[in-house]
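Examination of the molecular architecture
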Amino acid sequence: MKFIHIADVHLGAAPDSGKAYSEIRPKELWDTLEQVIDVCEREKTDLLLIAGDLFHRQPLLRELKEVNYMFSRLTHTKVVLIAGNHDYIRRDSYYRTFQWNQNVYPLFGEEMEYIEFPELQTAVYGFSYYTKEISKARYDEVYACHMQPFEILLAHGGDEKHIPIHREKLESTGFDYIALGHIHKTEEIPETVKKQQILYAGALEPVDKNDTGIHGYIEGEINVQGVRTRKVACAKREYVPLTVTVDEMQTSGSLKAVLKKMVEEKGVENLYKIVLTGYRDADITFDTSHMDSYGNMIEILDKTRPLYDFAHLAEENGQNLLGEYIRMFQGCPENSTEYKALCAGVEAILTNMH
Amino acid sequence: MIIKEVYIKNFGKFSEQHFQFDTGVHIIYGENEFGKSTLVAFIRAMLFGMERGRGKAAAKDDFSRYEPWDNPNYYAGSMRFSCGGRTFLLERSFDRYTKHASLVCEDDGEELSVKQGDLEMLLGGITPLMFDNTVLVRQMSAKPGQELSDSLKNYAANYYETGGGEVDLQGAMKYLKEKQKDTERQLRLLDEKQENKRGKIRQECSYITQDMERLRQEFEENQQQYSESVREEARLRAQYEKEEKRQEKPKDTEETPGLYEKKSRTFLSAGIVGVLIGIAGIFWGKILARQDWFSGSVPLQLIGYLILAAGLILLCVGIVKRTAERRAFRTWKKQTVRNMKYESTDNEAECRRLAQEIRQAEENKKKQVWQREKLQSEWKEKEVRLENLHEEERESEISEERLLIEEDLKALKMAAETMEAAAKRLGRRTDERINDKASEILGAVTGGRYCRLQMSDNMDISVWDGQRRISLHCLSRGTIEQIYFAIRMASAELLGEEELPVILDDMFVFYDEKRLKSALKWLSDTKKQAIIFTCQRREAEIMEGRI
C-alpha cells in the first residue's frame, strides 16, 4: 500500500515573501498541492493523507470546490483528511456541508473515527479540531482497533495549546504509521524501513519566516515487512536564515555586495532572514533598508556591535566621564541591553569630545 | 597670568592713562566716581573683547557706557601681561570703524591671532561668564550665577581627564536624546506599517459588511416577492377552481317555460274530461228519454250539453295556451342554447388563462427560491470571509525587528540615565573638592568661625560652625559675601587652567575689620595677583600696617 503524507498546506495564506514574491506566493501554495496530486496520479499512490491545516483559515466554498476538483482528477488515489487548528470545524464551516467527491474521505468527527479500505487492507483513523485550541493531550488515549492489517492514524498538534503529543504514548498505540501535522519545521528524514513510524510531514510549503529548511511531503509504503518512508522536497521556495559576521573593514556598500553574493549562491528564488553579527567600525552604522538587492530579504536584523576597546578607553579616561561611564557597566554581557547602552553612551561621549 | 601694565587710550572717562601692576595684592583707592568700575570694565574688555549691542539693549550696554565722550574714534587701549613665563602685548581698538585686536609676544616678537583663539588659549579656555563668576567680583554681585553651577558640572565630567580631549557633557546628553527621538520615530514608522496593514483588513471588512447588508436587503426583497407570489398563486388557484365548477353546472338564470305547459295541460285535460262527461250526459239523457218512466231526461240532456260545451271551451283554451307555450318554449330554448354556447367558450379560455398564470406564479416561486438560496450561499461565503479577516486582525505578532528597536530605545534611555548618574558621581567628587577648598578659604577669612562649607548641586549652601548647620539665609550679609567669595576663589582654582588675577571691585564693604584683615592675609598668602578697588582707606591701612 503506497501513500503520500502531507500536512499544513495552508491554502489561502499570504506568507511573508519580500518585495519580489509577495504577490505570487499565495498562488504557489495551490500550485505545489497540485504538483503533489500529479505525483499521486502518476505513481498510482493508494492514499493521500492530509494531516490537518489544509487551509490557513475557514475555507471558502469556492476554495473547497477548487480543492475538490483537484482531488476528483485522481483516478486511483483516495484522499483522507482531517481538519486542524487553522481550518477547524467552526459552526459555520463549509466543511460541515460540503459534498466531496467520492474518492475523498474526510474524518471530520470531533471524536475518533476510522475509515476502512478493505481493498488496501488498510484503516485510517483520526478526528478533527472543532476549536482553535485543544490543550488536552487527546492522542494519549487513542489506540488501533485492528480492523485491518495496516492501520494509520492522522494526527494534528504537538504543542501546549494544540494537543500535546507524547511520543512514547503514541508508540504504544499500535498504529503502523502515524501521520502528524501542525509542526511546520522539518528535519531531514533518511529513507528508512521500520515496523512503526511516527512522522511530521512539515508544511508542504513554508508559510512563515520561521519555517526554515527544506519542505515537501513524505512518500511511504506499508507492507508486511513494515513501513518504508522517504522525505521528498517539493517546495518552491525556502526560508534561508543567514548569519553574516562583519568586521571593522565592512561598510554599508561592501556589506550589500557580500549579501548579494551570498543570496546568488543560495538561490535568488529563496527568501532570506539575515542577522548581522560581529564588530563593526564604531563610526559606521549599516543602512539595512537598502540592502535587499533581489527583493527577497524578509528581514535584516543588525546585531553588530561597534568595535570599542572599552578596557583601554576606561584606562585612558580614568577619572573623567567616559572612564566613569564605562566602569558603571563593568561586567555586563555582550548580548544585553546594558551592553547596548554602554555602546550608545560611549558613542555619545566620544562624538562630543573636543 | 599676571597683568603688568594697563594703558587706556580712550575708555569711558579715562584717556591716556597708564596703570602698572605686579604680582601680589594691589589696592587702588579712589573716591566715588573715580573710575574704578571703568578700569575693571576695561580689563574685562581687553581680555574678552567688547561687542556693540543691537537694538534697545545697545543703549545700556558696556559699549555705549564707556564710549569716550570726546574722541569716540580713539576708543582703544592696550595691556601687557605675562603668561607661562612669556610677556605679551595685547592691543585693542573698540570703535566701530577701526575695530581690531592684536597680540604680540614681546620676547620673540611672534604675532599671535586673537581671532584664531590664541588669547583664549592663554586664558586657559575660561569664558567671560566663568570669569564673571569666579575671579571678577563686582560691587553687589557677589553671588555666583547659574553659569558657575553648569561649569562645575562640565568640569566634573572632565575631572582628571587625561587623553582624548575634553568631554562636553551637555553635548553628549543631547546626542543621546536625539538618538532616542530617532529610534522612537523608527518605532512609529513600524507601527504605522502595521496599522496600515490592519487598516487594509478593516477596509476589506467594511466592504464585506456592506456587501452583506446589500445581500440582506436583497434577501428581504426576495422574501417579500416570494410571499407575494404565494398569495398570487393561491388567488389564481381559487379563481380557477371557481371557473371549473361553473363549467360543470351552469347556473339557472331564467325560469324554464315548463310551468306554462303545465297550465295548458290542465286546461286541455279539464276540457277533454268536460267533453267526455258532456257526451256521456247527452247519451245518458237520450237513453232515459226512451224509457218513459223518467220525465227528467230533458234537463239531464241539457246539462250534458252544457258540460260538453264547457269541456269544448276548456279544450280550446287549452289548445291555444299550449300553442303559445310551445312557441315560447321554442324561443326560450333557442335563446338558451345560443347563450350556453357563448358561455362555455368564455369559461374555457378563462380556465386556460388562469392555468397559465398559475404556472407563471409557480415558476416565479421557484425562481425566487433559487435566488434565495443563491443569496444565502453568497451571504455565508461573505460571513466566512469576514470571520477569517477578523481572525487575521486579531493575530498581531510582534516582529523581531520591533523587539530589536525597542531594545535600542531601552538602551538609549538607560545610557542617558547612566550618564547622568556617572556625571553626578563625578560631580559629587568635584563638589567635595570645591567644598573642601571653599571651607578652607572660609575658615581662613572668618578666622576659623566657620570651618565647613557645604554646597549642593543646585547651589544650596550651608555652613557648619562646629556645632550646627546654618543655612545661608540665617547668616549676616557680611558672612554671606564671605561664603560667596570662598566659593568663587575655590572654583577659580579648580576650573581655571591658568591662574587669573583676582579683581575685586568694592567687595569688602560689609567685612568687619577682623575679617577684612583675614581676607587680605589669605589673598597675599596665596601669592595671587589681586587687584582690589575700594573707596575706603581700611584696606590700604591694613596692608600698610602689615608691611
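Residues numbered from 1 in each chain as written. Chains lettered and ligands numbered in written order. Predicted model: local features only at pLDDT ≥ 70, side-chain atom pairs only at ≥ 80, totals over all residues.

Focus: the overall build of chain A
To keep things clear, this is the line we draw: To qualify as a helix, a DSSP run of H or I must reach at least 4 residues; to qualify as a strand, a run of E must reach at least 2; elements of each kind are numbered from the N terminus. Exposure is read from a count of other C-beta atoms within 10 Å of each residue's own; the residue is exposed at 12 or fewer, buried at 20 or more and partly exposed in between. C-beta atoms are placed from the backbone. By definition, residues are in contact whenever their C-beta atoms, placed on the basis of the backbone, come within 7 Å of each other.
Scanning chain A for helices and strands turns up 8 helices and 16 strands. When each of the 354 residues of chain A is scored for burial, the buried share is 43%. In chain A, once contacts between residues fewer than 6 apart in sequence are set aside, the share between residues at least 24 apart is 75%.

Thoughts on the overall build of chain B
In terms of regular secondary structure, chain B is built from 12 helices and 13 strands. Taken over 547 residues, chain B has a buried fraction of 24%. Put simply, 71% of the contacts in chain B that link residues at least 6 apart link residues at least 24 apart.

Some words on the sheet that holds strand 3 (residues 78-82) of chain A
Residue and element names in this part refer to chain A. For clarity, the threshold we go by: DSSP bridges decide pairing: two strands pair if at least two such bridges lie between them. Every axis in this analysis is a line fitted to C-alpha atoms, fitted for helices over the stretch in contact. Angles between the N-to-C directions lie between 0 and 180 degrees.
A sheet is described by the order of its strands in space; here 7 strands give the open sequence 4-3-2-1-11-12-9, paired in mixed fashion. Taken across any chain shown, the strands that pair with only one partner, and hence form the sheet edges, are strand 4 (104-106) and strand 9 (192-194). Looking at each pair of strands side by side, their axes are set apart by 20° on average, direction ignored. As defined by bridge partners, strand 1 (residues 2-6) adjoins strand 2 (residues 47-51) across 4 bridges and the pair is classed as parallel. Within strand 2, the position partnered with Ile6 by the bridge is Ile50. On the sheet, helix 2 (residues 25-43) packs against strand 1, strand 2 and strand 11 (216-223) and is oriented at approximately 175° with respect to strand 1.

Notes on the interface of chain B and chain A
Many descriptions give the size of an interface as the accessible area lost when the pieces come together. Inclusion rule: In this classification, the charged set is Asp, Glu, Lys and Arg, the nonpolar set is Ala, Val, Leu, Ile, Met, Phe, Trp, Tyr, Cys and Pro, and all remaining amino acids, among them Gly, are polar.
Each partner contributes to the interface: chain B provides 44 residues, whereas chain A provides 30 residues. Secondary-structure elements contributing two or more residues to the side of chain B that touches chain A are helix 6 (169-248), helix 8 (297-394) and helix 9 (400-445) of chain B. Per element, the largest residue contribution to the side of chain B that touches chain A is 17 residues, and it comes from helix 9 of chain B. Residues belonging to the side of chain B that touches chain A are distributed by class as follows: 19 nonpolar, 9 polar and 16 charged.

Things to note about the sheet that holds strand 10 (residues 197-200) of chain A
Residue and element names in this part refer to chain A. Ordered in space as 5-6-7-8-10, the 5 strands form an open sheet in which the pairing is mixed. On the outer flanks of this sheet lie strand 5 (113-117) and strand 10, each paired with one strand and no other. Ignoring strand direction, the axes of neighbouring strands in this sheet form an average angle of 15°. In this structure, strand 5 lies alongside strand 6 (residues 122-126), joined through 5 bridges in antiparallel fashion. Bridged to Phe117 within strand 6 is Thr122.

Considerations on the environment of Gly443(B)
Residues and elements named next belong to chain B. With respect to the helices and strands, the residue Gly443 is situated in helix 9. According to the C-beta neighbour criterion, Gly443 is partly exposed, with 18 such atoms within 10 Å. Along the chain, Gly443 and Ile483 lie 40 residues apart, while their C-alpha atoms are 9.7 Å from each other.

Let's talk about the UniProt feature "transmembrane region" (unreviewed entry) in chain B
All names here are of chain B. The criterion, for reference: UniProt positions are given in the numbering used here, feature names are shortened, and annotations may be inferred rather than shown by experiment.
In this structure's numbering, the residues bearing the UniProt feature "transmembrane region" (unreviewed entry) are residues 267-288 and 300-320. Helix makes up 100% of residues 267-288 and strand 0%, and the two end C-alpha atoms of the span are 31 Å apart. Within the segment residues 300-320, helix and strand shares are 100% and 0% respectively, and the terminal C-alpha atoms sit 30 Å apart.

Here we look at the environment of Glu243(B)
All names here are of chain B. Tracing the backbone shows Glu243 in helix 6. The class of Glu243 is partly exposed, set by 19 C-beta atoms lying within 10 Å. The spatial distance from the C-alpha of Glu243 to the C-alpha of Glu348 is 8.3 Å, given a sequence separation of 105 residues. Excluding anything up to four places from it in sequence, Glu243 contacts Asn347, Glu350, Cys351 and Leu354.

Some words on the environment of Gln17(B)
Residues and elements named next belong to chain B. Relative to the helices and strands, Gln17 is located in strand 2 (residues 14-20). Owing to 17 C-beta atoms within 10 Å, Gln17 belongs among the partly exposed residues under this scheme. Considering only alpha carbons, one finds Gln17 and Tyr7, 10 residues apart in sequence, at a separation of 5.7 Å.

A short note on the packing of helix 9 of chain B against helix 10 (residues 477-495) of chain B
Residues and elements named next belong to chain B. Quick reminder of the rule: Here is the rule for angles: anything less than 35 degrees is roughly parallel, anything more than 145 is roughly antiparallel, 65 through 115 is roughly perpendicular, and the remaining ranges are oblique. Helix crossings get a hand from a simple test, with the near helix turned counterclockwise from the far one by less than a right angle marking a left-handed crossing and a clockwise turn marking a right-handed one.
Where helix 9 meets helix 10, the axes come as close as 8 Å, and the angle between the chain directions of the two elements is 130°. In terms of orientation, helix 9 and helix 10 fall into the oblique class. Once helix 9 is placed against helix 10, the crossing between them reads as right-handed. Facing helix 9, whose interface residues are Arg433, Ile434, Lys437, Ala438, Ile441, Leu442 and Val445, helix 10 presents Gln482, Ile483, Phe485, Ala486, Ile487, Met489, Ala490, Ser491, Glu493 and Leu494.

Thoughts on the pairing of strand 13 (residues 530-534) of chain B
All names here are of chain B. Condition: A crossover counts as right-handed when, viewed with the strands pointing away from the observer, the path leading from the first strand over the helix to the second turns clockwise.
Of all the 5 residues making up strand 13, 4 are buried; the element is thus mostly covered by neighbouring parts of the structure. Where strand 3 (residues 25-29) and strand 13 come together, 5 bridges link them in parallel fashion. What sits directly across from Tyr29, in strand 13, is Thr534. Summarising the sheet, strand 12 (residues 502-505) and strand 13 pair through 4 bridges and their orientation is parallel. Bridged to Leu504 within strand 13 is Ile532. At this point the chain moves from strand 12, through helix 11 (residues 513-526), to the parallel strand 13, and the crossover so formed is right-handed.

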